[in-house]
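Now for the letters of each chain:
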Amino acid sequence: MWKTQWKWLAGLVGGFLFCYCLPVGTERFDHAVIESLALVKWYAREHVLLCLVPAFFIAGAIGVFVSRGAVMRYLGPKAKKWIAYLVASVSGTILAVCSCTILPLFAGIYKMGAGLGPASAFLYSGPAINIMAIVLTARVLGVELGIARAVGAIGLSIVIGVCMHLIFRREEQEKARMAADPVDVESGRPLRQNVLYIGSMIAILVFANLGKSDDSGAFWLAIWSVKWYLTSLAALVLGFMLVRYYGMKWWKLACVAVPVVVLAVVFPDMPLLAFTAGFLGIGALTSTAGENELRIWFETSWDFAKKIMPLLLFGVLIAGLLLGRVGQEGLIPSGYVEKLVGGNSLLANFFAAFAGAFMYFATLTEVPILEGLIGAGMGKGPALALLLAGPALSLPNMLVINSVMGPRKTVAFVSLVILFSTLLGFFYGNW
């Protein structure tokens, strides 16, 4: 009997001991629980509606409207390597978003047949090299560190992508052998339509999430001051594309646009209301569009949301429990982190990269966090290591990446990020 039931027994005993030994009532544990709930609440308010919902629609559009041939031609296993890695390593430059927002886009191109190497390069570099993050790093932490971050992120994305390809080259060779000729799967829709269509959604994503920072310069502050007007302009372009090229009835789109405009006028200080109403309306129209490509677009986007959202929320909850929010502590005391990242030793760089890989960084928050750590004695090498590993990875990301690539490839990707971030930080700190 126990030959087949021992796993159930071990699970029940382990679960019982975990519940029995919970340190409920201790100050640190109770505070950590509050921090985890506070972090997931903040994440739900600040990132789900503005970041993830547009990202899911973009990922769905890639899966439906972008031909598989286009993806295979530039990022597939048969694509020219220098083109594939160049495109993947710099694509995140215009995406001023968090690593969690990159995940649906990564899942979209990977499921479409992109090679493991280029897909991994995009996954790593996407959240690390957006223009605002590089500019803010240079202004606050110094030009030298800003340049090192930009060059390091692009260079490491290519190195990590190539390593992922070599480690799993047999699977990639089989994938390339099975891949269809891009010419045979090309779509008849003009490329400019898909570029403008997906580009309008990317513009909505970028402008809606543009953050304010007094250290980012007059240019970015000027853009931030009109970001909702730019978001509205991008939404108008999206609406035009839906009616002109994708078969949506103009009066249906008007039924969505009217309440959005009313909410924007009546509640000008709460733009999230109009933003949410717009995406809810688009979701309602596309989900009931009949058996056409708009309906498939919604179903593909919804499939990404079902698979990714629960893992992200659970991961954020655990990250908050362990590490707390910025300025607060979880189960792991922040003082330990500050002590372990002092100087420029190899161990300090490794710990900075390792800690960065498991922490959750929203867009641009890594800069003030590092400013405080550097003030507490953090070396410039560990600072770079954390900048290279932190934005690209987090505990929530690992859960999602595992669901997309599988455990073996996830472990390899995380290990490579930590390894090369450690080495580059060490050489930079002792240069």
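Computed from a predicted model, the values in this text were never measured in an experiment.

Thresholds applied
Residues numbered from 1 in each chain as written. Predicted model: local features only at pLDDT ≥ 70, side-chain atom pairs only at ≥ 80, totals over all residues. Heavy atoms only, no water. Axes fitted to C-alpha atoms, helices over the stretch in contact; angles between N-to-C directions. Helix = DSSP H or I, 4+ residues; strand = E, 2+ residues; numbered from the N terminus. Parallel < 35°, antiparallel > 145°, perpendicular 65-115°, else oblique. Left-handed = near helix turned anticlockwise from the far one by under 90°. Contact = heavy atoms within 4.5 Å. Nonpolar A, V, L, I, M, F, W, Y, C, P; charged D, E, K, R; others polar. Salt bridge = Lys/Arg side-chain N within 4 Å of Asp/Glu carboxyl O. Buried < 20%, exposed > 50% of the residue type's maximum accessible area, 1.4 Å probe, protein only. Core = buried A, V, L, I, M, F, W, Y, C linked by side-chain atoms within 4.5 Å. Expected span 1.5 Å × (residues − 1). Phe/Tyr/Trp six-rings, centres within 6.5 Å; stacked < 30°, edge-to-face > 60°. Lys NZ or Arg CZ within 6 Å of the ring centre and 35° of its normal. Disulfide = S-S within 2.5 Å.

Draft legend 1. Here's a closer look at the packing of helix 6 (residues 116-125) against helix 21 (residues 407-429). Two numbers describe how helix 6 lies on helix 21: the axes approach to 12 Å, and their chain directions differ by 55 degrees. Judged on the interaxial angle alone, helix 21 and helix 6 are oblique. At the point where helix 6 passes helix 21, the crossing takes the right-handed sense. Of the residues in helix 21, those in contact with Leu116, Ser120, Leu123 and Tyr124 of helix 6 are Lys409, Phe413, Val417 and Ser421. Split into classes, the residues belonging to the contact of helix 6 with helix 21 amount to five nonpolar, two polar and one charged.

Draft legend 2. Focus on the pattern of salt bridges. Scanning the model with the defined rule gives two salt bridges in all. A salt bridge links glutamate 144 to lysine 380, with the shortest nitrogen-to-oxygen separation between them at 3.4 Å. With glutamate 144 in helix 8 (residues 143-167) and lysine 380 in helix 19 (residues 380-389), this residue pair connects regions lying 236 residues apart in the sequence. By relative accessible area, glutamate 144 is classed as partly exposed at 45%. Its salt-bridge partner being arginine 295, residue glutamate 299 comes within 3.0 Å of it at the nearest N-O pair. Taken together, the residues glutamate 299 and arginine 295, both in helix 15 (residues 293-323) and four residues apart, mark about one turn of the helix.

Draft legend 3. A look at the nonpolar core. Ranked by internal contacts, the top residues of the largest apolar core, which has 100 residues, are Tyr197, Trp297 and Phe413. No other element matches helix 2 (residues 27-65), which puts 13 residues into this core. Every residue in contact with phenylalanine 413, bar those within four places of it in the chain, is listed here: Ser120, Leu123, Tyr124, Ile160, Met164, Leu393, Ile401 and Met405.

Draft legend 4. Examining the side chain of glutamate 35 more closely. Inspection of the secondary structure puts glutamate 35 in helix 2. Beyond its immediate chain neighbours, meaning those up to four positions away, glutamate 35 contacts Gly320, Gly324, Arg325, Gln328 and Glu329.

Draft legend 5. Helix 14 (residues 271-287), seen in detail. Relative to the 24 Å expected for 17 residues at 1.5 Å per residue, helix 14 spans 24 Å between its end C-alpha atoms, a close match to the ideal helical length. For helix 14, the set of buried residues is Ala274, Phe275, Thr276, Gly278, Phe279, Gly281, Ile282, Gly283, Leu285 and Thr286. Its buried side turned inward, helix 14 meets helix 2, helix 10 (191-208), helix 12 (227-244), helix 13 (250-266) and helix 15.

Draft legend 6. Just the packing of aromatic side chains, in detail. In this structure the tally under the stated criterion is 11 aromatic pairs. Centroid distance phenylalanine 240 to tyrosine 245: 6.4 Å. Interplanar angle 90 degrees. Geometry classified as edge-to-face. Take phenylalanine 240: its relative accessible area is 48%, and that puts it in the partly exposed class. Residue tyrosine 245 is classed as partly exposed on the basis of its relative accessible area of 29%. Grouped by ring-pair contacts, the aromatic residues Phe57, Tyr197, Trp228, Tyr246, Phe275, Phe279 and Trp297 constitute a single cluster. It is lysine 380 that lies over the ring of tyrosine 428; its NZ or CZ is 5.1 Å from the centre. The lysine or arginine in question, lysine 409, covers the ring of phenylalanine 168, its NZ or CZ lying 5.8 Å from the ring centre.

Draft legend 7. Spotlight on the environment of methionine 164. Along the polypeptide, methionine 164 turns up in helix 8. Judged by relative accessible area, which is 0%, methionine 164 ranks as buried. Each C-alpha atom, one on methionine 164 and one on lysine 409, is 7.8 Å from the other, the two residues being 245 residues apart in sequence. Beyond its immediate sequence surroundings of up to four residues, methionine 164 is in contact with Leu116, Ser120, Met405, Lys409, Ala412, Phe413 and Leu416.

Draft legend 8. Spatial organisation of the environment of phenylalanine 65. When you line up the elements, phenylalanine 65 lands in helix 2. For phenylalanine 65, a relative accessible area of 2% translates into the label buried. Distance from phenylalanine 65 to tryptophan 297, taken between C-alpha atoms, is 8.0 Å for residues 232 residues apart in sequence. With residues near it in sequence (within four places) discarded, phenylalanine 65 still touches Asn194, Tyr197, Tyr246, Glu293, Leu294 and Trp297.

Draft legend 9. Structural context of the environment of leucine 395. In this fold, leucine 395 is placed in helix 20 (residues 395-405). A sequence separation of 38 residues divides leucine 395 from alanine 357, and the C-alpha atoms of the two residues are 7.2 Å apart.

Draft legend 10. Local environment of the side chain of serine 200. Locating serine 200 in the fold gives a position in helix 10. Residue class for serine 200 comes out buried when judged on its relative accessible area of 6%. Among residues more than four places away in sequence, those in contact with serine 200 are Ala234, Val237 and Leu238.

Draft legend 11. Molecular detail of the state of the cysteines. One pass over the full model with this rule turns up zero disulfides. For the unlinked cysteine cysteine 19, the closest cysteine sulfur is that of cysteine 21, found at 9.6 Å.

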